Amino acid sequence: VQLVESGGGLAQPGESLRLSCLASGFTFSTYGMMWARQAPGKGLEWVSNIYPDGDRTMYADSVKGRFTISRDNTKNTMYLQMNSLKPEDTAVYYCNAEYGDIVTQTEYNYWGQGTQVTVSS
């Protein structure tokens, strides 16, 4: 199982970045997916999540209206389009995959290694 984030980097306030999370080793289309971030010296913060078939999304208030989560199940990839970036968006961004097997009562939860996003002028 592998989740590989990419697309991070340095951006100026007001600019945009698009993060990608490429999944392998599991049935991507059956997993709920999430983006979380960790700013320097702070705890992990939930950013956004998307249901397995992409029909439902949720956002933290801090990013609502600026970030858009999406997924392409044919490419085993999740995205986070980040617009109007602010310095407070600076963090390591992680993708997460989660699936609960009702029959076996087993939860599967995987994390990527993270990608750094720095917003600074």
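Just above, that's the structure.
Residues numbered from 1 in each chain as written. Predicted model: local features only at pLDDT ≥ 70, side-chain atom pairs only at ≥ 80, totals over all residues. Heavy atoms only, no water.

Side note on the state of the cysteines
In plain terms, the rule: Pairs of cysteine sulfur atoms within 2.5 Å are what we label disulfides. Helical segments are the DSSP runs of H or I of at least four residues, strand segments are the runs of E of at least two, and each set is numbered from the N terminus. Exposure is judged per residue with a 1.4 Å probe applied to protein chains only, and the accessible area is read against the type maximum: over 50% gives exposed, under 20% gives buried, and values in between give partly exposed.
Summed over the entire model, instances satisfying the criterion amount to 1 disulfide. Each disulfide pairs two cysteine sulfurs, and for Cys21 the partner residue is Cys95, the sulfurs being separated by 2.1 Å. One disulfide, between Cys21 and Cys95, carries an S-S torsion of 55 degrees and so falls in the right-handed class. Residue Cys21 is found in strand β3 (residues 17-24), and its partner Cys95 is found in strand β9 (residues 91-101); the two are separated by 74 residues along the sequence. Each of the two residues, Cys21 as well as Cys95, counts as buried.

Examining the sheet that holds strand β1 (residues 2-6)
For clarity, the threshold we go by: A strand pair is defined by DSSP finding two or more bridges across the two strands. Between the N-to-C directions of two axes lies an angle of 0 to 180 degrees, each axis being a line fitted to C-alpha atoms and, for a helix, fitted only over the stretch in contact.
The sheet built from 4 strands is open, its strands ordered β1-β3-β8-β7 with antiparallel pairing. Each edge of the open sheet carries a strand with a single partner, namely β1 and β7 (67-72). Averaged over neighbouring strand pairs, the angle between their axes works out to 15 degrees when direction is ignored. Where β3 and strand β8 (residues 77-82) come together, 6 bridges link them in antiparallel fashion. Within β8, the residue paired with Cys21 across the bridge is Met78.

Brief notes about the packing of aromatic side chains
Put simply, the test is: Side-chain rings of Phe, Tyr and Trp (the six-membered ring for Trp) are treated as a pair once their centres are within 6.5 Å; stacked means planes under 30 degrees apart, edge-to-face means over 60, and tilted covers the remaining angles. Note on geometry: a ring has a charge over it if NZ (lysine) or CZ (arginine) is within 6 Å of the ring centre and within 35 degrees of the ring normal.
This structure, assessed with the given rule, holds 5 aromatic pairs. Centre to centre, the rings of Phe26 and Tyr31 are 4.5 Å apart; their planes meet at 55 degrees, and the pair counts as tilted. Here Phe26 matches Tyr31 in class, with each residue buried. One aromatic cluster is present, built from ring pairs that chain together Phe26, Tyr31, Tyr99, Tyr108 and Tyr110. Taking the ring centre of Tyr79 as reference, the NZ or CZ of Arg18 above it sits at 4.0 Å. When the ring centre of Phe28 is taken as origin, the NZ or CZ atom of Arg71, which lies over that ring, is 4.4 Å away.

Quick look at the pairing of β1
Only one face of β1 is covered, namely the face carrying Leu3 and Glu5; the face carrying Gln2, Val4 and Ser6 is uncovered. Note: β1 against β3, 5 bridges, orientation antiparallel. Counted as the bridge partner of Leu3 is Ala23 from β3.

Section: the environment of Leu3
Rule in force here: The contact definition used throughout considers only heavy atoms, calling two residues in contact when any of these lie within 4.5 Å.
Here Leu3 lies in strand β1. Overall, Leu3 belongs to the buried group, its relative accessible area being 4%. Counting along the chain gives 22 residues from Leu3 to Gly25, while the straight-line C-alpha distance between them is 8.9 Å. The residues touching Leu3, leaving out its near neighbours within four places in the chain, are Cys21, Leu22, Ala23, Phe26, Met33, Cys95, Asn96, Ala97, Tyr110, Trp111, Gly112 and Gln113.

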